[in-house]
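Each chain, letter by letter, is given below.
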Amino acid sequence: MRIKAQVAMVMHLDKCIGCHTCSVTCKTTWTNRPGTEYMWFNNVETRPGIGYPKRWEDTKRYKGGWVLENGKLKLRAGGPITKLANIFYNPNMAELEDFYEPWSYDYDNLIHSPKRENLPVARPFSQITGKYIDKPEWGSNWDDDLAGGSENVKRDPNVEKLQEHIKTEYEKTFMMYLPRICEHCLNPSCVASCPTGALYKRDEDGIVLVDHDACRGWRFCQNGCPYHKVYYNWNTHKAEKCNFCYPRTEAGLPTICSETCVGRIRYIGVVLYDADKVKAAASVEDPKELYKAQLACFLDPFDPEVQDQAREAGITDPWIEAAKESPIYKLAIKWKIALPLHPEYRTLPMVWYVPPLSPIMNHITNEDELKTDGYIPAVDQMRIPMEYLASILAADDVKVIRKVLLKLTAMRVFMRGKTVGGIDEFRQSELLKEAETTPEEVVEMARLLGVAKYKERYVIPTGRREMDDDLFYQQGACSIEDLAPKEGMNPRYGMMKVRENL
Amino acid sequence: MVDIFLWVVFPYICLTIMIFGLLYRFAFRQLTWAAPSTNFFEKKWLKIGSPLFHYGIIFAFFGHVMGILIPWEFYQTLGISDHMYHFGAIYGGGLAGLMVVCGLVILLIRKMIIDPVRIKATFADYFSVLAVLFVAATGTYMTIIYNLTVVAYEYRATIGPWFRSLFIFQPRFDLMTDIPYIFKIHVITAFALFASIPFTRLVHIFSFPIRYPARPPQQYRSRSGYRRQKV
Ligand code: HEM
Ligand code: SF4
Ligand code: SF4
């Protein structure tokens, strides 16, 4: 057993209102420099939709993630030899137009325009070429709230898989939001795609980072990530990606995107996992088994043996305590209501999602008279087809989605019963049995999903500093110092040396 | 005098600038050390130009090793006749040269007319493409046209020994006085190009990730000292 700790996130999609606050605060924090204008470490997609970059789920086009070939795990875009042969030209790389050409507005004209008959306007101009773009035609959220629906919805790779009747009937239109950040995977294909080894997973918290000193701009990570969450900075010719706001999490604070989330949909916590099991888990034959295999990598922080081994592996008590309190442990592992995004990519992602409930297609007439078990078929008639959710969150395994939706429905029915009556019926109900839950669990769930205060949503132990090489030097410095060391000092050779492969 | 400058002083100055420039940039300006990829802006022309150029130049690099670094005597002991050698060098080297020149011309035109690429190209980008193009064009001219129309010049008797003598610090500049002009231009501009490397994105040449196939796919790193002492 090789225990490692991972800082992970769960997003509760029921609560996402699609306001894009997370995207904007992340952008103003991390990607507001030349070369990064088009990057959104956090973006919120309306699904069904094309996404950002366009059709990122089209693995045939971008060749991200892993595939299983004769029982062996391989990068879909090809292993090291293929990559070195393709190093002069990367055929699978997404281009600027797959994202969009970022633009700003000529605000200056509003102020300095000479006196004229017509009001001055702020014309849009490209932040790359500087030229005016008279008609911007695509942006990272162009299809927000199903804009351009009849055209854009059809091009969603998940919709392409659905049966004809689901996609075309107007009355059956559905919509949900999907905020996305880097998954900080347990088996990151971006790391494996980097010829230089510039991307790495941090040993102590599992955050996947780019070493900007080491990055040589070979740009294979960009499309090596199946979630398309590594970006190429055309200005510095280096890769950039979400860093889980590590300067904040190290200080015990939630990431910017979580901190500012208006719907409070995000949860952050620590999970312990066995790194020795990762490869086997990513290599199970049937994609539908990947979810279970990944669950099996996680360890029970309450198990004294796990605790001992964790201490042995250098994980401190505050971290073990945090793992016990972890909302992620509860949502993903204990209650199993959070699911990984596209587990079939075999990267073992670590940002999970509680799938959204949606209105029931057939109007339930007398809800007051509806028996508790009447809600069971309702789950199958929800507006968002379960096949669609399964395509995104469960490698097409509808059973997994159905189970979660049942549990969430059971929670609603019970909490409603608490005020309008019907708890006793609930205790005996089939719904409770089929959802495999208990009233106690449901109450706990409702608290974490509905009430949860800041301290319950974010249980983040602070990063450990006592072993740093030169605490004296770092006194009063912020952890970004590692990104921007003292002028003229290379951290590889300076005192802030990063030890590799420990 | 001029010969000493051209074939002793100048090459050493260029190599010194290259070596110390590279060391300085590696140690202090590593954030600027990357391949100048424009794959993100344009793919169609890059797909032809870049592999053509790079495979050509790698081929040409080995050609130079064979012609300049490996002594003539080596071929004689192996029993490779001069005729055979030149046949291989002219056609093999010529092909590589043409690949380099064609690839670079495509890349250059692409740089001049395709929009984001054109607007984002810096002086150093143009400089390195044009400098490599010039050196490659003279080299290709020598290999194909000069060798076929004037004489199959035996550089293994002059340029080769001179080049090797640089590395044992006994430069035999006298060998270079009478070589054809076109060869002189090729050699001098090539050294000037070497001196420019630390100042352009050509530094990427030295970062070829040769160790990639041998390393484990997943990389873990930790903040300093995290695993050193157990608590
Ligand atoms: C030895 C291994 C080499 C590797 C792996 C390599 C790799 C690359 C890569 C990835 C690019 C960017 C292509 C793109 O995506 O736009 C590039 C561009 C370039 N390389 Fe290399 N290269 C190598 C050797 C060389 C050599 C020996 C030279 C010249 C002496 C050279 C000259 C250039 C130039 C001039 C460009 C820029 C092309 C442009 O501006 O469009 N490279 N190289
Ligand atoms: S989601 Fe993040 S960690 Fe996973 S492959 Fe993509 S960039 Fe890497
Ligand atoms: S964790 Fe930080 S860097 Fe990553 S998406 Fe959220 S705000 Fe951006």
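In this text the structure is predicted, and so the values were computed from the model without any measurement.

Caption draft 1: Molecular detail of the pairing of strand 14 (residues 351–354) of chain A. Residues and elements named next belong to chain A. Here strand 14 shows two buried faces, one formed by V351 and Y353 and the other by W352 and V354. As judged from the 4 bridges shared by strand 1 (residues 3–12) and strand 14, these two strands associate in the parallel manner. The partner of V10 across the bridge, within strand 14, is W352. Judged from the 2 bridges that link them, strand 13 (residues 339–340) and strand 14 form a sheet pairing that is antiparallel.

Caption draft 2: Expanded view of the environment of C225(A). All names here are of chain A. Topologically, C225 is positioned in the loop between helix 10 (221–224) and strand 10 (230–233). Residue C225 is classed as buried on the basis of its relative accessible area, which comes to 9%. For the pair C225 and Y345, spaced 120 residues apart in sequence, the C-alpha to C-alpha distance is 9.2 Å. Leave out the neighbours within four places in its chain, and C225 touches G64, G65, S189, C190 and V230.

Caption draft 3: Molecular detail of the UniProt feature "binding site: heme b" (unreviewed entry) in chain B. All names here are of chain B. The UniProt record annotates "binding site: heme b" (unreviewed entry) at H54, H64, H186 and H204. Over a stretch of 151 residues, the named residues are scattered through the fold, their C-alpha atoms separated by up to 22.6 Å. Residue class for H64 comes out partly exposed when judged on its relative accessible area of 44%. Polar side-chain contacts of H64 include one of 2.8 Å to the backbone oxygen of A60. The residue H186 is located in helix 8 (residues 181–196) in this model.

Caption draft 4: Focus on the site of ligand 2. Surrounding ligand 2, one finds C182(A), E183(A), H184(A), C185(A), P188(A), S189(A), C190(A), V208(A), C225(A), Y227(A), V230(A) and K241(A). Looking at side-chain class alone, the shell around ligand 2 contains 8 nonpolar, 2 polar and 2 charged residues.

Caption draft 5: Representation of the environment of F134(B). Residues and elements named next belong to chain B. In this structure, F134 sits in helix 6 (residues 123–150). Assessed through its relative accessible area of 44%, F134 is described here as partly exposed. Separated by 33 residues in the primary sequence, F134 and V101 have C-alpha atoms spaced 8.8 Å apart. If sequence neighbours within four positions are ignored, F134 has contacts with I185 and T189.

Caption draft 6: Seen up close, the site of ligand 1. Within the structure, ligand 1 sits among 22 residues, and R219(A), S37(B), H54(B), K111(B) and H204(B) are positioned closest to it. R219(A) places a side-chain nitrogen or oxygen 2.6 Å from an oxygen atom of ligand 1. In the environment of ligand 1, a nitrogen atom lies 2.7 Å from a nitrogen or oxygen atom belonging to the side chain of H204(B). The set of elements that each furnish at least two residues to the shell around ligand 1 consists of helix 2 (44–69) and helix 4 (82–113) of chain B. Ranked by residue count, the leading element in the shell around ligand 1 is helix 2 of chain B, at 5 residues.

Rules used in this analysis
Residues numbered from 1 in each chain as written. Chains lettered and ligands numbered in written order. Predicted model: local features only at pLDDT ≥ 70, side-chain atom pairs only at ≥ 80, totals over all residues. Heavy atoms only, no water. Buried < 20%, exposed > 50% of the residue type's maximum accessible area, 1.4 Å probe, protein only. Helix = DSSP H or I, 4+ residues; strand = E, 2+ residues; numbered from the N terminus. Pairing = 2+ DSSP bridges. Contact = heavy atoms within 4.5 Å. UniProt positions renumbered as here; feature names shortened; annotations may be inferred. Polar contact = N/O pair within 3.5 Å; in protein donor to acceptor, adjacent residues only side chain to side chain. Near = heavy atom within 4 Å. Nonpolar A, V, L, I, M, F, W, Y, C, P; charged D, E, K, R; others polar.

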